[in-house]
Every structure is written in structure tokens, then in C-alpha cells.
Amino acid sequence: MSQTLRADALDNRERILGAARELLSAEGLNVPTRKIARSAGVGPATVYRRFPTRQDLIAAAFADQLRACRTIVDEGAAAPDPWEGLCLVIEKICELHARDRGFTEAFLSAFPAAIDVAGGREYTVRAVAELARRAKATGRLRADFVLDDLILMLMANKGIHASTNEAQVAASRRFAAYVIEAFEARPRQAPLPPAPRDSSARGRP
């Protein structure tokens, strides 16, 4: 009987996290806990039993994204050319956040009580700051670049909305190319990635 209960509890936890990832990613951090519980097929009390605070739930739901973010930053830091490494980080971080609106909000706000999210952001910020310092030393990154520029980039990237996930990612890639050109000390004006084919944008200027 105890093994069955443990299996049920584990199944509930995974269903809660699955529902939380889906809803937080699509709708942002303001999704009601009751809606997450309903989508997971459990009662709100079960959610609170597994995750006593909302911060606990958000940190657990975005654990995979935090690991992916760290991997991207580590990959950029390991690049032989720090400018190319910084470009890689910008491109992949924009895409990661474009795929997950809720993670962007959690990353930017970094709930004080959500240690995993706040710690993950702190690691990313420190690593990117060092990468930017090295890129400046090569002369490729403009001298007046500051780390707050990356936060502005993420805030702008969060504002991209398209009718499909594919169109949103495509728009984010194009946006990242513009950002990289703006950050470069001597822009080469490389060709931009193709604009997304998004039916919701038809008829706009």
C-alpha cells in the first residue's frame, strides 16, 4: 500500500509540474494555482502539499530551463573567440526565452524566495559579464556596452508575440541578429535571418 501511495504522489507531482510548465510558458506567471491544479487533474490542496509556496512551484517547473541557460552560458564562455561566444549566448538565450514566456518572467523577476531561479540568474549574469569583458578587450564589443543592455534585450524579446511558436522563434532569431549588430563595435551588416511568416502580422506596416 505504501509503495502505491508513493507512486501516486510521484505521479501527481509530475502531472502538476507538466501542467505548470505548459500554462506558465504560454500565459506567464499570473496563471492561477487553481487553473494549474485543474489542468493537472488534482485539487489545489494537492498542489500546495507538494509545493507549499508559488515560488517553490515556479522554481521546480523551470528547473530544466535553468539548466539549459547555464549550458548555453558555459558554451559561450568556452568559445575561443569571446565575441563569437557572446553572439552564441545572445542567439540561444533569446530563442530559449522566446519558447517560454513564463521562464522569461521568472528569470527577469527572480523571486527572492525562489533560490533556484535567483541563483541561476546570478550565475548567468556573472558569466556573461566576464564574457563581455573579454569581448571588449578584443575590440569587437562596443566599449559603452553595459550588462543592463542584456536585460533590456530580454525585456524586448519577451514582447515578441506570434500566432505560432515557430513564428515566434523565427522573429526572436531576427531580433537577436539586430541586437548583435547593435552591440558590435564595427558592425559588418551581415544578412539577417528570414522574417517569420506569421499570418497575424499581415496587413501591418
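Computed from a predicted structure; not experimentally measured.

Draft legend 1. Spatial organisation of the overall build of the protein chain. In terms of regular secondary structure, the protein chain is built from 10 helices and 0 strands. Listing each helix as α and each strand as β along the protein chain from the N terminus yields α-α-α-α-α-α-α-α-α-α. When burial is assessed residue by residue, the protein chain has 40% of its 205 residues classed as buried. Element-wise, carbon and sulfur atoms account for 54% of the exposed surface of the protein chain, whose accessible area totals about 11400 Å².

Draft legend 2. Summary view of the environment of arginine 188. Here arginine 188 is to be found in the segment after α10 (165-183). Ignoring any residue separated from it by four or fewer positions in sequence, one finds arginine 188 in contact with Trp83, Glu84 and Arg140.

Draft legend 3. Structural view of helix α6 (residues 82-98). The terminal C-alpha atoms of α6, which comprises 17 residues, lie 24 Å apart, in line with the 24 Å expected from a rise of 1.5 Å per residue. Counting buried positions over the 17 residues of α6 gives 12, a clear majority of the element. At the N-terminal end of α6, a side-chain oxygen is found 2.9 Å from the backbone nitrogen of tryptophan 83, two or three residues along, and the residue is aspartate 81.

Draft legend 4. Just the packing of aromatic side chains, in detail. Under the counting rule described, the total for this entry stands at 1 aromatic pair. Aromatic pair phenylalanine 145 and phenylalanine 183: ring centres 5.0 Å apart, planes at 75 degrees, arrangement edge-to-face. In this pair, phenylalanine 145 is assigned in the loop between α8 (115-137) and α9 (148-158) and phenylalanine 183 in helix α10, connecting sequence segments 38 residues apart. Assessed through its relative accessible area of 5%, phenylalanine 145 is described here as buried. We note arginine 70 situated over the ring of tyrosine 123; from NZ or CZ to the ring centre the distance is 3.7 Å.

Draft legend 5. Seen up close, the packing of helix α5 (residues 63-78) against α6. In the contact formed by α5 and α6, the axes pass within 8 Å of each other and the chain directions differ by 165 degrees. Taken as axis vectors, α5 and α6 run roughly antiparallel relative to one another. For the pair α5 and α6, the sense of crossing is right-handed. Here Gln65, Ala68, Cys69, Ile72, Val73, Glu75 and Gly76 of α5 lie close against α6, whose contacting residues are Gly85, Leu88, Val89, Lys92, Ile93 and Leu96.

Draft legend 6. Region of interest: the pattern of salt bridges. The final tally for this structure, using the stated rule, is 9 salt bridges. Here glutamate 95 ties to arginine 99 by a salt bridge, and the two come within 2.8 Å at their closest N and O atoms. Three or more residues joined by partner-sharing salt bridges are found here, namely Glu95, Arg99 and Arg173.

Draft legend 7. Expanded view of the side chain of threonine 33. Following the sequence through the fold, threonine 33 ends up in helix α2 (residues 33-40). Owing to a relative accessible area of 13%, threonine 33 belongs among the buried residues under this scheme.

Draft legend 8. Quick look at the environment of leucine 150. Here leucine 150 is to be found in helix α9. Classification of leucine 150 as buried rests on a relative accessible area of 11%. Separated by 60 residues in sequence, leucine 150 and isoleucine 90 place their C-alpha atoms 8.4 Å apart. Once residues within four sequence positions are removed from consideration, leucine 150 is found in contact with Ile90, Val128, Phe145 and Phe183.

Draft legend 9. Representation of the confidence of the model for the protein chain within the structure. On average, residues of the protein chain score 82 in pLDDT, and 84% of them are at 70 or above. Low pLDDT, under 50, characterises residues 1-5; the stretch is placed with 0 contacts to residues that sit more than four places away or in other chains. Of the regions scoring below 50 in pLDDT, residues 199-205 engages in 3 contacts with residues more than four places distant in sequence or in other chains.

Draft legend 10. Layout of the packing of α6 against α10. Relative to each other, α6 and α10 sit at 150 degrees, their axes nearing to 9 Å. Between α6 and α10, the angle falls in the class roughly antiparallel. Considering the relative orientation of α6 and α10, their crossing is right-handed. For the pair formed by α6 and α10, the contact residues are Trp83, Cys87, Ile90, Glu91, Cys94, Glu95 and Ala98 on the first element and Asn165, Gln168, Val169, Ser172, Arg173, Phe175, Ala176, Val179, Ile180 and Phe183 on the second. Within the contact of α6 with α10, the residues separate by chemical class into 11 nonpolar, 3 polar and 3 charged.

Definitions and limits used
Residues numbered from 1 in each chain as written. Predicted model: local features only at pLDDT ≥ 70, side-chain atom pairs only at ≥ 80, totals over all residues. Heavy atoms only, no water. Helix = DSSP H or I, 4+ residues; strand = E, 2+ residues; numbered from the N terminus. Buried < 20%, exposed > 50% of the residue type's maximum accessible area, 1.4 Å probe, protein only. Areas by Shrake-Rupley, 256 points an atom, 1.4 Å probe, with all protein chains shown as cover. Contact = heavy atoms within 4.5 Å. Expected span 1.5 Å × (residues − 1). Polar contact = N/O pair within 3.5 Å; in protein donor to acceptor, adjacent residues only side chain to side chain. Phe/Tyr/Trp six-rings, centres within 6.5 Å; stacked < 30°, edge-to-face > 60°. Lys NZ or Arg CZ within 6 Å of the ring centre and 35° of its normal. Axes fitted to C-alpha atoms, helices over the stretch in contact; angles between N-to-C directions. Parallel < 35°, antiparallel > 145°, perpendicular 65-115°, else oblique. Left-handed = near helix turned anticlockwise from the far one by under 90°. Salt bridge = Lys/Arg side-chain N within 4 Å of Asp/Glu carboxyl O. pLDDT = per-residue confidence, 0-100. Nonpolar A, V, L, I, M, F, W, Y, C, P; charged D, E, K, R; others polar.

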